[in-house]
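Survey of secondary and tertiary structure
Residues per chain are reported as follows:
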Amino acid sequence: MIASELEQKIKRGDLAPGDPLPSEAELAWLYDVSRHTVRHAFAELERAGLIVSHHGKGRFVCPPPRRPGTSDPPA
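What comes next concerns the included structure.

Quick notes on the rules
- Per chain, the residues get numbers from 1 upward, laid out in the order the sequence is written.
- A pLDDT threshold of at least 70 governs which residues receive local features in this predicted model, and a stricter bar of 80 or more applies before side-chain atom pairs are shown or counted, although totals over entire chains, interfaces and linings include all residues.
- To get the side-chain values, all heavy atoms of the structure are used, and hydrogens and water are removed first.
- Burial classification: accessible surface area is computed with a 1.4 Å probe over protein chains only, and a residue below 20% of its type maximum counts as buried, one above 50% as exposed, and the rest as partly exposed.
- Secondary structure elements follow DSSP: runs of H or I of four or more residues count as helices, runs of E of two or more count as strands, with numbering from the N terminus.
- The arc in question is formed by the directions pointing from the helix axis toward the C-beta atoms.
- Working rule for contacts: check all heavy atoms of both residues, and any pair within 4.5 Å makes them a contact.
- Under this definition, polar contacts are N or O atom pairs within 3.5 Å; protein pairs additionally need one hydrogen-donor-capable and one acceptor-capable atom, and for neighbouring residues in sequence, both atoms have to be side-chain atoms.
- The convention used is that axes are lines fitted to C-alpha atoms, helices contributing only their stretch in contact, and that angles between N-to-C directions extend from 0 to 180 degrees.
- Here roughly perpendicular refers to angles of 65 to 115 degrees, roughly parallel to angles under 35, roughly antiparallel to angles over 145, and oblique to all remaining angles.
- Note on convention: near helix rotated counterclockwise from far helix by under a right angle means a left-handed crossing. Clockwise means right-handed.
- Three residue categories are used. Nonpolar comprises Ala, Val, Leu, Ile, Met, Phe, Trp, Tyr, Cys and Pro, charged comprises Asp, Glu, Lys and Arg, and polar comprises the others, including Gly.

Side note on helix α2 (residues 24–31)
Residues of α2 that are buried include every one of Glu24, Leu27, Ala28 and Tyr31, and no others. Looking down the long axis of α2, one finds its buried residues gathered within 105 degrees of arc, a one-sided arrangement. In this structure, the buried side of α2 is in contact with α1 (2–12), α3 (35–47) and β2 (58–61). Within two residues after α2, Asp32 carries a phi angle of roughly 55 degrees, on the positive side.

Written as structure tokens, this is what we have:
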């Protein structure tokens, strides 16, 4: 449930690439679940390539995958 709701927010653009996700504690409180359950949801989203974890900083929405043959925009 948590993973699917966060996935939908990412796909709708409610959470944009680079946006931080709420903390484990905040999501545990919001959904009335254990932090273990939240960590499981985060792991599912990481496996799907939707979020990335930066130790000590939090979890963030990943940029969309690049399609083959495309280049990065000029800096």
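So, the environment of Arg39
By the element assignment, Arg39 lies in helix α3. Given a relative accessible area of 37%, Arg39 falls into the partly exposed group. Residues Arg39 and Leu27 lie 12 residues apart in sequence; the distance between their C-alpha atoms is 9.8 Å. Among the polar contacts listed, one links the side chain of Arg39 to the side chain of Glu24, at a separation of 3.1 Å.

Notes on the packing of α2 against α3
Across the interface, α2 lies against α3 with an axial gap of 8 Å and an inter-helix angle of 110 degrees. In this view, α2 runs roughly perpendicular relative to α3, as classed from their interaxial angle. Read as a crossing pair, α2 and α3 show a hand that is right-handed. Here α2 contributes Glu24, Ala25, Leu27 and Ala28 to the contact with α3, which in turn contributes Arg35, Val38, Arg39 and Phe42. Residues of the contact of α2 with α3, tallied by class, amount to five nonpolar, no polar and three charged.

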